[in-house]
Amino acid sequence: MTDTELASLQSAIEPYLPLGRSGLMPALHAAQKIYGWISEPVATEIAKSLRVPLADVHGVIEFYSMFYNEPVGKKFIRVCTDQACALKDADGLLNHLCAHHGIKPGQTTPDGATTIEASPCLGLCEQAPAILYGDEAETNVDLKTNTYDLGRPPSIVYGQIRLLTANCGNGSTTSLEGYGEYVALIKARGMKREDIINEVKASGLVGRGGAAFPTGVKWEGTSKADGSPKYIICNADESEPGTFKDRILLLDDPHRIIEGMTIAAYAIGASKGYIYIRGEYPYIVPVLENALHEARGAGYLNEDFDIEIRVGAGAYFCGEETALFESIEGKRGFPRVKPPFPTTFGVFGKPTAINNVETLCNVPLIVSMGAAEYRKIGTEKSPGPKLFCVSGDVTQPGVYEVPFGVTLRELLDMAGGIANQKKLQAVLFGGAAGAFATSAHLDVKMTFEDLRAAGLPLGSGVVMVFDETRDMRDAFARLGHFFAHESCGKCYPCQMGTQRQMEILNRIAAGKMQEGDLARLQDVGWTMTDASLCGLGQTAASAVLSAIKLWPELFKDESGKMKDEVRGKKKEVGGKKVVAKAKAVKAKAKKRSAKRKTQTVKKKTIAKKKKK
Amino acid sequence: MANEVSLTIDGQPLAVEQGTTLLKAAQQIGVDIPTICFHEATTSNALCRICVVEVEGQRLLQPACIVKAAQDMKVQTRSERVKRARKTILEMLASTMDLSDAPAILMMMKEYNASAERFPDAERRESEIKDDNPMYIRDYSKCLLCWRCVQVCADDAQYVNAINFNGRGFETQIGTFFDKTIPETTCVLCGQCVGVCPTGALKPKREYLLEQGMKPEEIGVMDTGRRKRRT
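For clarity, every value in this text was computed on a predicted model and none was experimentally measured.

Calculation rules
Residues numbered from 1 in each chain as written. Chains lettered and ligands numbered in written order. Predicted model: local features only at pLDDT ≥ 70, side-chain atom pairs only at ≥ 80, totals over all residues. Helix = DSSP H or I, 4+ residues; strand = E, 2+ residues; numbered from the N terminus. Rg over C-alpha atoms; globule rule 2.2 N^0.38 Å. Buried ≥ 20, exposed ≤ 12 C-beta atoms within 10 Å, placed from the backbone. Contact = placed C-beta atoms within 7 Å. Pairing = 2+ DSSP bridges. Axes fitted to C-alpha atoms, helices over the stretch in contact; angles between N-to-C directions. Domains from an automatic or database assignment. Nonpolar A, V, L, I, M, F, W, Y, C, P; charged D, E, K, R; others polar. pLDDT = per-residue confidence, 0-100. Left-handed = near helix turned anticlockwise from the far one by under 90°.

## Here we look at the overall build of chain A
Reasoning step 1: Across its full length, chain A holds 25 helices and 15 strands.
Reasoning step 2: By the compact-globule yardstick of 25 Å for 612 residues, chain A fits well, its C-alpha radius of gyration being 25 Å.
Reasoning step 3: C-alpha extents for chain A along the principal axes are approximately 75 × 65 × 55 Å.
Reasoning step 4: Looking at chain A as a whole, 54% of its 612 residues qualify as buried.
Reasoning step 5: Looking at chain A alone, contacts between residues at least 24 apart form 71% of all its contacts between residues at least 6 apart.

Structure (structure tokens):
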């Protein structure tokens, strides 16, 4: 690479030089924008400029799936093959595009024009199937009519109330002029800091990202912690499959988020804020930049408190709060061991409050209305409005704003019921890290307390619907693939467990279940749940474990026998020698059953063909 | 004493100095908690999770290498949940990598009745031996990602940062900048990574050559990194 070729890089990364290592992610993004990928001389130049060890720069590029250290196509097509899109034949779409370009998923055309990749959830589930075409969203792709929507993805908002989404769904971003004065911020600045925190505590607001931690308690911890500066971070790394509510808030009403962050900053004494947005939402970044610019112009953001945008690069993992800090610091997105907690040891080791987008959007509401008035919305134990991401086999997928306490049945009725007059088979609740529900759960009220009692997590508000015709084993296999792809690889239970879980679920989906697979799946699942280092590993098996309870018959082999039970009994009886003998016998039996299985599989495919 | 905490481990009461990890506390009364990634000389990351124990009142199992003893804590080091987690982790390791040079882990597998064949048709992490410098070989088929080598190469000891990670998740492998050979990196051949490797993934070249059946006299100076003395 010549000096002139590097010159454009040097000027592009100049703004990040004062940031040191923390400037690594923005610098890599800038480089990739120029060259399309990050070559060795480019990585070397970035490493030298930011004074980061070469090996560490390499490690960071390798961690994030949207950074490339080999040439990729000028056009980058990412086809979402996660659950919601899969229900709308995303696999067919991917195959069609690949066939059209004469390549396989993950490959680049020989002329270097196009790369096509299967992508984890793009957060466009209500307009499935979806593609990220370069930096643009391409949604509602219909191969039959050859139509699709390109550009700003429409925000589809329904529900019973419009508090959080008051400015959403109009087809455009609400400007500062449209949003109006930050009245809640002005009111907050007339209050004592601790009074704001007490008000938020009194409101009963808990985190909407999935963990449901009380927001006021988090703020209080950060405000009381020693150390400065303090940080407020908006976690906009919305990546839980089936979640798209934050996308709509970010795209349509950024000022509500900025106002929420600014109030939080004032309450906890933070002088710096970050909005960490996932790399799969590139089209939102200019919207946020513009909103921040407007807020600066109006004086809401100033030298006392300002906000910086950080863009992720394809790592579900970075939604985990400590991994997100690491990413801001320019490192691989590995989770940290907790404690210490972010309130005392957050980003750059400083006290940090980190809140989800939707959580922050509740803040101006609480300050304006007052906690007492706010608590009139929802139920006593789950106060406030809630956004649900309804997708899959419903007539009207979209974001639904409702008060806590509506039942699942009511929510599905609002969404027009199950699409095409079919019957409900299952609902994936709370996302990939959630749990499955069935029609038996239709009258469960959607509150933290009722869902907990029903063994369902609210998670990030995902309600993904599967009709009676869906192959749930395919859904399990996709869950397995998702977690194996997104595990960071730090702790052993998750690093290997997600891989083994995927392998077993793939076998089950293919009708090639092996003896002992159910017991293996449960041992792996419980080991991940019990022993993983962070929330991702701890929940990587939760949906599958819930499915085993709901539909044990789906985890039986072709003959319908749950072979594991038999195996378990044998083990109890047998001493070591007996087990060894049994093993030899089993090995023989396995060969036989393998033969039998291939036969059944053949039969199955024939049967399928006949059906067609 | 004011700076002591009392707790029970497997029903045995004991008192330890405040700040003592459960791992060290257990050692004081002769209770053995297995470890893999833990090393006295490196920062504990609690990533292998083989040292997890059950602490009463805690929803999840706790890594003994970093969790500190606290007043009235009740710890179980061999509960059914603990045994299942350890056994499964060991079985997953055996299905993933070559443990032939890791006798301590093989012993653990016996103790926990873990079967190396538990996971049939499992994808293994296999890789070619990297023999690119006169001092040590790298056989990542034997690597279990304890991170010790990366840590001693960086802030835990040497500060040369020659190695980091390739890929992520199950596909993670220790690697260099754009897969350069060791002599092309910042490596100073200090050998600390080889010293802390628990599984023979990093091995002195001489040891490796002897294992390959070469006789000491056949191993040339050029192969081992020793400088020829000028006479």
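Still to come is the rest of the account.
## Thoughts on the overall build of chain B
Reasoning step 1: Looking only at helices and strands, chain B has seven helices and nine strands in total.
Reasoning step 2: Taking the principal axes of the C-alpha coordinates as reference, chain B spans close to 65 × 45 × 35 Å.
Reasoning step 3: Here the contacts in chain B between residues at least 6 apart in sequence split such that 58% fall between residues at least 24 apart.

## As for the sheet that holds strand S5 (residues 147–150) of chain A
Residues and elements named next belong to chain A.
Reasoning step 1: Read from one edge of the open sheet, five strands run S2-S1-S3-S4-S5, paired in mixed fashion. Among the strands making up the open sheet, the edge pair consists of strand S2 (114–119) and S5. Each neighbouring strand pair of the sheet contributes to a mean axis angle of 25°, computed without reference to strand direction.
Reasoning step 2: Here strand S3 (residues 131–133) runs beside strand S4 (residues 136–142); their pairing, made up of three bridges, is antiparallel. Paired with Tyr133 across the two strands is Glu136, which belongs to S4.
Reasoning step 3: Together, strand S1 (75–80), S2 and S4 form the strand contacts of helix H6 (residues 90–101), whose direction differs from that of S1 by roughly 155°.

## Quick word on the domain arrangement of chain A
All names here are of chain A.
Reasoning step 1: The assigned domain composition of chain A is domain 1 (3–63), domain 2 (75–150), domain 3 (157–374) and domain 4 (385–470).
Reasoning step 2: Here the C-alpha centre of domain 3 lies 28 Å away from the C-alpha centre of domain 1.
Reasoning step 3: Counting from both sides, the interface comprises ten residues of domain 1 and, opposite them, eleven residues of domain 3.
Reasoning step 4: The set of elements that each furnish at least two residues to the side of domain 1 that touches domain 3 consists of helix H2 (24–35) and helix H4 (54–63).
Reasoning step 5: Here the side of domain 1 that touches domain 3 is built from residues that sort into five nonpolar, four polar and one charged.

## Digging into the environment of Pro63(B)
Residues and elements named next belong to chain B.
Reasoning step 1: Positionally, Pro63 belongs in strand S4 (residues 62–63).
Reasoning step 2: Residues Pro63 and Lys87, spaced 24 residues apart in sequence, show a C-alpha to C-alpha distance of 15 Å.
Reasoning step 3: In this structure, Pro63 is in contact with Ala46, Arg49, Cys51 and Val52, ignoring residues within four places of it in sequence.

## A short note on the sheet that holds strand S8 (residues 272–277) of chain A
Residue and element names in this part refer to chain A.
Reasoning step 1: Taken together, four strands build an open sheet; the order of strands is S9-S8-S7-S10 and the sheet is parallel. Where the open sheet ends on each side, the last strands, each with one partner, are strand S9 (306–311) and strand S10 (352–356). Each adjacent strand pair in this sheet contributes to an overall mean axis angle of 20°, direction not counted.
Reasoning step 2: With six bridges connecting them, strand S7 (residues 231–236) and S8 associate as parallel partners. Note on S8: the bridge partner recorded for Ile232 is Gly273.
Reasoning step 3: Contacts from helix H12 (residues 254–268) reach S7, S8, S9 and S10, with the element oriented near 150° to S7.

## Notes on the confidence of the model for chain B
Reasoning step 1: This prediction gives chain B a mean pLDDT of 94; 94% of its residues lie at or above 70.
Reasoning step 2: For this predicted complex, the interface score ipTM comes out at 0.94, alongside a pTM of 0.91.

## Considering the domain arrangement of chain B
Interface size is commonly expressed as the accessible surface area that is lost when the partners come together.
All names here are of chain B.
Reasoning step 1: Domain parsing of chain B yields domain 1 (4–78), domain 2 (80–124) and domain 3 (136–224).
Reasoning step 2: Computed over C-alpha atoms only, the centres of domain 1 and domain 2 are separated by 22 Å.
Reasoning step 3: Taken together, the contacts link eleven residues of domain 1 with eight residues of domain 2.
Reasoning step 4: Residues of the side of domain 1 that touches domain 2, tallied by class, amount to six nonpolar, two polar and three charged.

## Notes on the pairing of strand S15 (residues 462–467) of chain A
Residues and elements named next belong to chain A.
Reasoning step 1: Across the six residues of S15, five count as buried, placing the element largely inside the fold.
Reasoning step 2: Relative to S15, strand S11 (residues 385–392) runs parallel, the two being bridged by four bridges. By the bridge assignment for S15, Val390 is matched with Val463.
Reasoning step 3: Direction of pairing for strand S13 (residues 424–429) relative to S15: antiparallel, over a ladder of five bridges. Along S15, the bridge assignment pairs Ala426 with Phe466.

## Some details on the confidence of the model for chain A
Residue and element names in this part refer to chain A.
Reasoning step 1: For chain A, per-residue confidence averages 92 on the pLDDT scale, and 91% of positions sit at 70 or higher.
Reasoning step 2: Scored below 50 in pLDDT, residues 563–586 shows 16 contacts in the model against residues more than four places distant or in partner chains.
Reasoning step 3: Below pLDDT 50 for its whole length, residues 588–612 participates in seven contacts with residues either more than four positions away or in separate chains.

## Section: unusual backbone geometry
Reasoning step 1: Cis geometry marks the peptide bond from Ala128(A) to Pro129(A); its omega dihedral reads -5°.
Reasoning step 2: Checked against the element boundaries, Pro129(A) lands in the loop between S2 and S3.
Reasoning step 3: The omega angle of the peptide bond from Lys338(A) to Pro339(A) is -5°, so this bond is cis rather than trans.
Reasoning step 4: When you line up the elements, Pro339(A) lands in the loop between helix H14 (321–328) and S10.
Reasoning step 5: A positive phi angle, near 60°, is found at Asn146(A), a position not held by glycine.
Reasoning step 6: Locating Asn146(A) in the fold gives a position in the loop between S4 and S5.
Reasoning step 7: Note on Asn146(A): 7 C-beta atoms within 10 Å, which makes it exposed.
Reasoning step 8: The backbone of Asp179(B) shows a phi angle near 55°, a positive value even though the residue is not glycine.
Reasoning step 9: Structurally, Asp179(B) is set in the loop between strand S8 (173–175) and helix H5 (192–196).
Reasoning step 10: Judged by the 12 C-beta atoms lying within 10 Å of it, Asp179(B) is exposed.

## Quick notes on the packing of helix H1 (residues 3–13) of chain A against H2(A)
Residue and element names in this part refer to chain A.
Reasoning step 1: Running from N to C, H1 and H2 point in directions that differ by 145°, and their axes come no closer than 9 Å. Regarding H1 and H2, the two cross each other, and that crossing is right-handed. Taking contact as the criterion, the partners of Ser8, Leu9, Ala12 and Ile13 in H1 are, on H2, Ala27, Ala30, Ala31 and Ile34.
Reasoning step 2: Class assignment of the residues belonging to the contact of H1 with H2 gives a composition of seven nonpolar, one polar and no charged.

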